[in-house]
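# Architecture at a glance
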Amino acid sequence: MSIRPFSSLEKKILRNIIEKSGWQNKGIIDNNLRYSMKKDKTLLFTIKHPIVLPLHLNIPFEVAFFRVSLAFKFWNLSQKMSMIILDLMKKLKSLSSQISMKHDLPIKGKESSILNMMNSIIPDKIIDENERAWLNRIRVSLMNKRDQFKALNKEKVKAIVEILKLSGLEPTFKQPWELCKGLPKIRTSETLFFSNDELYDEFFILEKGGYFTYFKDLMYNKFYIRSSFDSYTPCILNDVLNDVSDFKIETLAKNWIMFARLILNSLIEIIDTGNINQNELVQFKPEKELNSNNFESDNNFPFSALHYESIISKQLFPIHNDLFNTPPTNFEVIKTLNHYTNAEELIKNYNFKEATNLLNESLIVFNKNRQSKIVVSILLLLRKIASNLSQHDIAINYLQNALNTAKSGYVPIEYIVNIHYGLGKTFFQIKDYNKALDHFNVIIKFLENEKVSLNKEEFSGMAYLYIGLINLEQNNVSESKRNFRKSLDLGNNCIKVKLKYYLLRARYFKDKGQNYLSQAQKLMKLGINSVGLVFNNNKYQNILIDLVLELTEFYLHYHIDSKKANYLLTRIKNEVTFDKKELTGMHKALKWNLLMSNYYSLFEKNNEKSKYYLKQSEILRAQLKNIGVLN
């Protein structure tokens, strides 16, 4: 059964009923009784209770402000529903007048300091400005003027974290539904979240600028309730009252949380004592109904200041909790995460030295905070840099350190398999086959009976492939056949493994000399024919290009066939765009240009075109040398 939207007359009647009772739909600073309505008959009432200081200021200033909201949705604006609404407004208004919280802040003798700081930080008031916009201007001012006051140091943050734990709020990877789309970039490294395992949201959000946000939600008898508080004053109070021994900002946080929870109980009592027929109401999803732009006027649900900032931000970013094995409890950790993301960008731009410095700096912080998952991630990135620069010994050192860290038990098996795979490949490249074999065998044992999120067929298939190649190098032909068969069987479910099987086996025979070239050709053709000359699949495109380039080289230099060579080179030219911002793309472009030069030199006898492609290859080679990946 669908809900019939409000008619114009119904909206007018309801608005008159509500506003005659003293409620306004403007969310301005001085309005403490607010309401909002949607055409689909969603209605909410919000009470604001500010905590102020006994000081005369020309600008509004609140130590903290509590907001409680009650939202519901109904079928029809019947006489019975109108009576329910009137009763709720009466009781909420009564609650507003009864809310009281005593604050004995030791500000005596500090009045002048507080006034000076307030006048410096709090922006001028704009008449009838929405409170959310006003708070956002304060947040921007606090961020721009951080140097003017003492930020919450590590000891203060630690004390706040301990108080939150005692209040039942632990550091968390969870995100409030109102922030599910992400945060403005600067806030991702300046925001700590604390929550619990309850069904509905209860969060304390601690921001680096000293901004406190708390809210506790509850769905009760089809009413959605939120009790919350916000405070932009912790750093200000901490600065001014820093030398007052009995002032503790963490105690304020604890008391405010207790008070907000008590108010929630008062809202539950209001619902219980009302003569409300549940059939008059509709169950609704708060994230859909409350977080929308369809309210008739201001949306007065008490969202966090971060929510408003996210709404007006041009771009939102996810919070990279996936790199932590335990939720962060200090700002140093989440700030250092920027080193990791910045290093990723530097690597893409081939600035390996600066990326290495950033990653090594971040290792110190993450090791100190026992964040082993990101420590392993960093070591894998450092190994990637070393491998690009052909520094195999350094790459092995990073991987072995990563493996030692992974033994802590707090690192997912995907990471451990990646480490062993990296070690196996690197030892294979430097022809230390026994050590390579050890690591590939570990992968197979790990994955035999393990159900993990990574691609089991791919890692197992690649491990069997390398073991088979090692068997050949060690003249163990029967074992190589057995392992190759296992690799190819897995390759039937993973094209990447299948193509790699044909590529690496073809290269093996190619390196053995003239007598084995026909076997190399057969494998290259089988690999290409297994998928066709289709280059649009990113999962295996690079391997297919390698196969085609290898076969082209074969037709140019060994089994001379200019038509087939030209056909393959032209297909690549027409269908592949080499990404010359990536090392892989640069290497492939280099080889393609060299083959094109050879083709025009050997078969077309076109020196001009041959020289053109040779020059292009020289440009790429110079770039790779400049980066440091070619000697």
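What counts and what doesn't
Residues numbered from 1 in each chain as written. Predicted model: local features only at pLDDT ≥ 70, side-chain atom pairs only at ≥ 80, totals over all residues. Heavy atoms only, no water. Helix = DSSP H or I, 4+ residues; strand = E, 2+ residues; numbered from the N terminus. Rg over C-alpha atoms; globule rule 2.2 N^0.38 Å. Buried < 20%, exposed > 50% of the residue type's maximum accessible area, 1.4 Å probe, protein only. Contact = heavy atoms within 4.5 Å. Areas by Shrake-Rupley, 256 points an atom, 1.4 Å probe, with all protein chains shown as cover. Core = buried A, V, L, I, M, F, W, Y, C linked by side-chain atoms within 4.5 Å. Salt bridge = Lys/Arg side-chain N within 4 Å of Asp/Glu carboxyl O. Pairing = 2+ DSSP bridges. Axes fitted to C-alpha atoms, helices over the stretch in contact; angles between N-to-C directions.

Another point: the overall build of the protein chain. What the protein chain contains, in helices and strands, is 24 helices and 8 strands. Computed over C-alpha atoms, the radius of gyration of the protein chain comes to 33 Å, more than 25% over the 25 Å expected from 2.2 N^0.38 for 631 residues, which places it beyond the range of a compact globule. Referenced to the eigenvectors of the C-alpha coordinate spread, the extents of the protein chain come out at roughly 95 × 65 × 55 Å. A burial count over the protein chain gives 53% of its 631 residues as buried. Sequence-distant contacts, at least 24 apart, represent 67% of the contacts inside the protein chain between residues at least 6 apart. When the accessible surface of the protein chain is summed, it comes to about 30400 Å², and 48% of that surface belongs to carbon and sulfur atoms.

Note that soluble globular proteins tend to have their nonpolar side chains buried in a common cluster. Core analysis: the largest hydrophobic core is formed by 197 residues, its most contacted members being Phe45, Phe72, Phe74, Ile85, Phe204, Leu206 and Phe212. The dominant element in this core, judged by the number of residues it contributes, is helix α8 (residues 249-273), at 13 residues.

What follows covers the pattern of salt bridges. Enumeration according to the criterion identifies 38 salt bridges in this entry. Here arginine 67 ties to glutamate 131 by a salt bridge, and the two come within 3.9 Å at their closest N and O atoms. Residue arginine 67 is found in strand β3 (residues 64-73), and its partner glutamate 131 is found in helix α4 (residues 131-144); the two are separated by 64 residues along the sequence. Residue arginine 67 is classed as buried on the basis of its relative accessible area of 5%. Taken together, the shared-partner salt bridges connect Arg34, Lys48, Glu62, Arg67, Glu131 and Asp230 into one network.

This next bit is on the sheet that holds β3. Read from one edge of the open sheet, 8 strands run β1-β2-β3-β8-β7-β6-β5-β4, paired in antiparallel fashion. Unpaired on one side and paired on the other, β1 (33-37) and β4 (170-171) mark the two borders of the sheet. As judged from the 4 bridges shared by strand β5 (residues 191-195) and strand β6 (residues 202-207), these two strands associate in the antiparallel manner. Bridging from a neighbouring strand, phenylalanine 194 pairs with phenylalanine 204 of β6. Packed onto the sheet, helix α1 (residues 8-20) meets β1 and β2 (42-51) and runs at close to 170° relative to β1. Where α8 meets the sheet, it contacts β2, β3, β6, β7 (212-220) and β8 (223-231), and its direction lies at approximately 155° from that of β8.

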